[in-house]
Every structure is written in C-alpha cells, then in structure tokens.
Amino acid sequence: MEITEEKQKRNIYLYPIYKMLSWDLLFYYSIIFLFLTQVKGISAADVLLGEALYPAFKVIFLVPLTALSNKIGKRNSMIFGNFVNIFSILCYMIAQNFTYVVIGQFLSAIAFSIKSITESNFLYDTLPKGEKRGHTFAKIDGKGTSWYYYLDAISSFISGFLYIINGYLPMLLCLVSCIVSTILCFLFQETTKMEEDTISVRKYMKDLKFSFQYIFQSNRLRYLIVFGAILSGFMGILISLRSATLEQIQFPEQYFGIVFAVLGIISGISSRNQHHLHNYFHNKTLAVLALPTTISCIVIGLTVLGKLSYQLTVSIILWMFFFQFLAKGPFNTLIKRYLNNFTNTALREKIASCYNLVESISKAIIGFLVSWLLRGTTASNTMLVIGCIFTIVVVLLLDKMRSRVGLKPEEYSKKEIEFTELK
C-alpha cells in the first residue's frame, strides 16, 4: 500500500513532535531512584536488580512482539506500546514492594521493545523512495531526537525542584507525557498494509531465525549490528556510573540536575547536527563517536585515582561527560541510518528485530559486568576498567569493519547489495 502525499506530510510533521515526547521517559531518570527508595521504601539493591531485569525481559519479548507488530501494523503497535507505558508508570506510582518494581520493568520492557521495533521503520516507510531517503530519515529522526534532549534537559532540571515539593509530581508529569504520546499515535496514518492471515508465533520464530541467519551472512550488517549493540550497551551503563562517580567525589547533589540538564542540551545540539557529522567524517563517523566515549572513561578513572585537587578533578570529569553526551546525541540516529541503507521494508523489520535482540543481550551482559565490578571497587575504578576493556574491543571491531562497512555502493560486492531482495 502506497501512502498518499497528504498522509505522508502529516506523518512527517507529527513524527519529530512524537519522538520528542516518547523516545524515552521524561521527568523520570533524575528522580526515579530517589522516588522508589525514599517515597516507596524499596531498598537500593532491589531497585538496581529491577533495572537489571529490564533488558532480560526485552530479550524474552522481542520475538512475540515482532510477530504482533507484523500482524497489527506499525501505527497500532506504537499505540499499544505507549499505552502499556502508561501502566508501567502507574505501577511505580502505586508500588508497595519490590514485586511492583518487577511488574513495572516487565511492562516497560514490552512497551519499549515494540516501540523500538516499529518507530524508526514507520518513519522510513513514510518517506518517498530515492537516493535522499536515508538523508531525509536522518534529518527528521535527528530533529525529533534533538528536541527530546532539549525537553529532557528541561524536565531533568524541573524534576529535582518538584521532587522536593512532592515526590509524586515528577512521576505525574511523566505519566502525562506518556498519555500525550499515545494520543499522538492516533493521529498518524498507517504506511503499509497489515497482514490478513494469522501468523503463529512458532512460524514467525522459524521465519525470524531464518532471517537472522540470512542477515548475518552480510559482513556489513553483522559488524554494524554487533558494533552498535556494544556501544549502545556501553552508553547505557554510563547513566548510573556518572551519578555514582559524582557522588563518590562528593559533588553537591543539588547541582546534579543542572549538570545533566546542560549535558542533555549538548546531546540535543549534536543530535540535530548529526548529518553534518556524517558528511564530514563519512566512514570514520562511528570511530569518532565510539573512541572518545570509551577513552573518556579511562581519563575519569585515572583522574580520581590520581587524587588531584577537587576543582581540577571536577573540571576534568565534567569535560569527559561533555564528550560522552556529544557522542550520545547522534549515535542512535546514525546507527539506524547505516543499518537501513540498501534495504526494503521487509528487510528493515528483520534488521530492527535482530538489532534490538543483540542490543538487549549486550546491555544485560554489560550491566551484570558493571554490577559485579561495583561490588568490589568504586565507580571511578569501574569506569577505568570498562574504559580499557571497551577501548580495546572498539579498536578491534573498527579494524575489522574498515573494509566491510561505510563503503560506497559500487564498492560493495553484488552479494551484499542483493540482501535488499529479502521478502
């Protein structure tokens, strides 16, 4: 089913607004730990355990939710995902014990799994086919991502003050943003025709397994998926480690919100300009994003270990955070752009499912590794260790990718380009 020009314009107009409100939870991350431990009386260990279960749940739900998305369509899947998100926030708000936290993470995994499968593909299917499709996708998706970072910075700044007044206020605003996101989904127009025949989960798993095997025969896709999943997992664990490191050096807690609000704006600016980054660095873009991120962790670890003056230590750490957020902004849009190159609708859905599965596994493994390290050492030492490990991993992967990823279309083998024929 070809989408009409009128529907196309509506989707393109709404998508950045939708992504700004729904890419991730607003009014949430800066206070959720305090909310669950202080307001709800749940132990810190249980909160962290709940967070560790999230990527594991995503792995479990990926296949059935991909089958569901294939059946009900991308627009309806987005409605369903945002609707489930509402209940996950409500679960935290009424939590009485650790069981509610597990249920909340369970629902959140369902919501973000189906959203990650459908949202970027929905936008890509909306856009007209042609040589500029990838550029247009990156521009629109990057705009929504940058808007999200700006709004997230504002919400992070506000959440700290609202939490002091009443711990439920930031959570209430988070709930409102989820409701608005759900309403926006109803305004979208479906881009592809939904399947008329029922597809069993067993049959879909068999088809998906074949698709994964097919996809991983491509050197380009295999390395992009593995590299993207590892870097995404690495960036994910830095969220908690940054706060833990600041706490370790006794950085005043009242300034946490201000620091991360400013850094969020940096991510927004870099995300909005990700196409300039790609145009300037071309096939070196992923290296430019990855290496400063991993090396910055080494610098942070060595800075704290060196017992420098407090002012110098804080300055160096905040500059390293700056480089991390500068890379974080454009990464998610660019990795999806690279994965979607030389593909059709059918293959993009399979690639998205495969990438989300590998990414969730990567996040779970890295998360458990960091949790294990934190039991025996400090946050800064953990930064140093994982910085060294992943710098080596990234360098080795980039060396392998040099002759396989980021080439011009005519430089790829005929076999690579033929992957676009997957139905």
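Residues numbered from 1 in each chain as written. Predicted model: local features only at pLDDT ≥ 70, side-chain atom pairs only at ≥ 80, totals over all residues. Heavy atoms only, no water.

From N to C terminus, the protein chain includes 16 helices and zero strands. Entry remark: accessible area of the protein chain is about 19,500 Å², with carbon and sulfur atoms responsible for 65%. (Helix = DSSP H or I, 4+ residues; strand = E, 2+ residues; numbered from the N terminus. Areas by Shrake-Rupley, 256 points an atom, 1.4 Å probe, with all protein chains shown as cover.)

A few words now on a nonpolar patch on the surface. Among the surface-exposed residues, I154, F157, I158, F161, Y255, I258 and V262 lie close enough to one another that they form a single nonpolar patch of about 630 Å² accessible area. Broken down by secondary-structure element, the contributors of at least two residues to the nonpolar patch are helix 6 (133-165) and helix 10 (256-272). Here the nonpolar patch gets four residues from one element, more than from any other, and that element is helix 6. Its location among the elements puts I158 in helix 6. (Patch = residues over 30% accessible without salt bridge, like charges linked within 9 Å, V, L, I, M, F, W, Y side chains within 5 Å. Salt bridge = Lys/Arg side-chain N within 4 Å of Asp/Glu carboxyl O.)

Of note, the phi angle at F27 is positive, near 60 degrees, even though the residue is not glycine. Judged by its relative accessible area of 14%, F27 falls in the buried class. Positive phi outside glycine occurs at K307, with the angle close to 55 degrees. Mapped onto the fold, K307 is located in the loop between helix 12 (285-305) and helix 13 (310-340). (Buried < 20%, exposed > 50% of the residue type's maximum accessible area, 1.4 Å probe, protein only.)

For any pair of aromatic rings, the description consists of the separation of the ring centres together with the inter-plane angle of the planes. Applying the stated rule across the entire model yields 19 aromatic pairs. Between F57 and F106, the aromatic rings sit 5.6 Å apart at their centres with planes inclined by 85 degrees, giving edge-to-face as the arrangement. Placement of the pair is F57 in helix 3 (residues 44-72) and F106 in helix 5 (residues 98-126), with a sequence separation of 49 residues. Residue class for F106 comes out partly exposed when judged on its relative accessible area of 33%. Summarising the aromatic geometry, the rings of F234 and F390 are spaced 5.1 Å apart at their centres and angled 55 degrees between planes, so their arrangement reads as tilted. You can see F234 sitting in helix 9 (residues 219-248) and its partner F390 sitting in helix 15 (residues 379-401), a full 156 residues away along the chain. Overall, the relative accessible area of 1% leaves F234 in the buried class. Under the relative-accessibility criterion, F390 is labelled buried at 8%. (Phe/Tyr/Trp six-rings, centres within 6.5 Å; stacked < 30°, edge-to-face > 60°.)

Moving on: the nonpolar core. Membership of the largest hydrophobic core comes to 107 residues, with the highest contact counts inside it found for I89, M171, F227 and I386. Counting residues per element, this core draws most heavily on helix 9, at 13 residues. When near neighbours in sequence (up to four residues on either side) are disregarded, F227 contacts L286, A290, V394, L397, L398 and M401. (Core = buried A, V, L, I, M, F, W, Y, C linked by side-chain atoms within 4.5 Å. Contact = heavy atoms within 4.5 Å.)

Quick look at empty space enclosed by the protein now. Applying the stated criterion to the full structure yields three cavities of 30 Å³ or more. A volume near 50 Å³ is recorded for the second largest cavity. What lines the second largest cavity is simply L21, S22, D24, L25, L26, N82, N85, F112, K115, S177, C178 and S181. For the lining of the second largest cavity, the secondary-structure elements that each account for two or more residues are helix 1 (5-22), helix 4 (74-93), helix 5 and helix 7 (168-187). It is helix 7 that provides the largest number of residues to the lining of the second largest cavity, a total of three residues. (1 Å grid on protein atoms, 1.4 Å probe; cavity = no way out; pocket = protein on both sides within 12 Å on 5 of 7 lines; lining within 4 Å. Points joined across faces, edges and corners; volume = space filled by probe spheres on them.)

What follows covers the confidence of the model for the protein chain. When the pLDDT values of the protein chain are averaged, the result is 81; 85% of them are 70 or greater. When mean pLDDT is taken per element in the protein chain, helix 7 scores highest with 93 and helix 16 (residues 414-417) scores lowest with 54. (pLDDT = per-residue confidence, 0-100.)

Once that is clear, we can look at the packing of helix 12 against helix 15. What describes two packed helices is the angle between their axes and the distance between those same axes. The interhelical angle for the contact between helix 12 and helix 15, taken along N-to-C directions, is 155 degrees, at an axis separation of 8 Å. Regarding the angle of helix 12 to helix 15, the classification is roughly antiparallel. In the crossing of helix 12 with helix 15, the sense of the turn from one axis to the other is left-handed. (Axes fitted to C-alpha atoms, helices over the stretch in contact; angles between N-to-C directions. Parallel < 35°, antiparallel > 145°, perpendicular 65-115°, else oblique. Left-handed = near helix turned anticlockwise from the far one by under 90°.)

The next subject is the pattern of salt bridges. On inspection of all chains with the given rule, the structure shows three salt bridges. Between K115 and E119 there is a salt bridge, and its shortest N-O distance comes to 2.7 Å. Placement of the pair is K115 and E119 together in helix 5, with a separation of four residues, close to one helical turn. Both residues of the pair, K115 and E119, belong to the buried class. Close ionic contact of E359 with K363 constitutes a salt bridge, the shortest N to O distance being 4.0 Å. Here K363 and E359 lie together in helix 14 (residues 345-376), a separation of four residues that amounts to about one turn. The partly exposed category is assigned to K363, whose relative accessible area is 30%.

Two residues of an α-helix separated by three or four positions point the same way, owing to the 3.6 residues in each turn. Taken as a whole, helix 2 (residues 32-39) has its buried residues at I32, F35 and L36. Around the axis of helix 2, the buried residues are gathered within 90 degrees of arc, so they sit on the same side. Once helix 2 finishes, G41 follows within two positions and takes phi at roughly 70 degrees, a positive value. (Arc of directions from axis to C-beta.)

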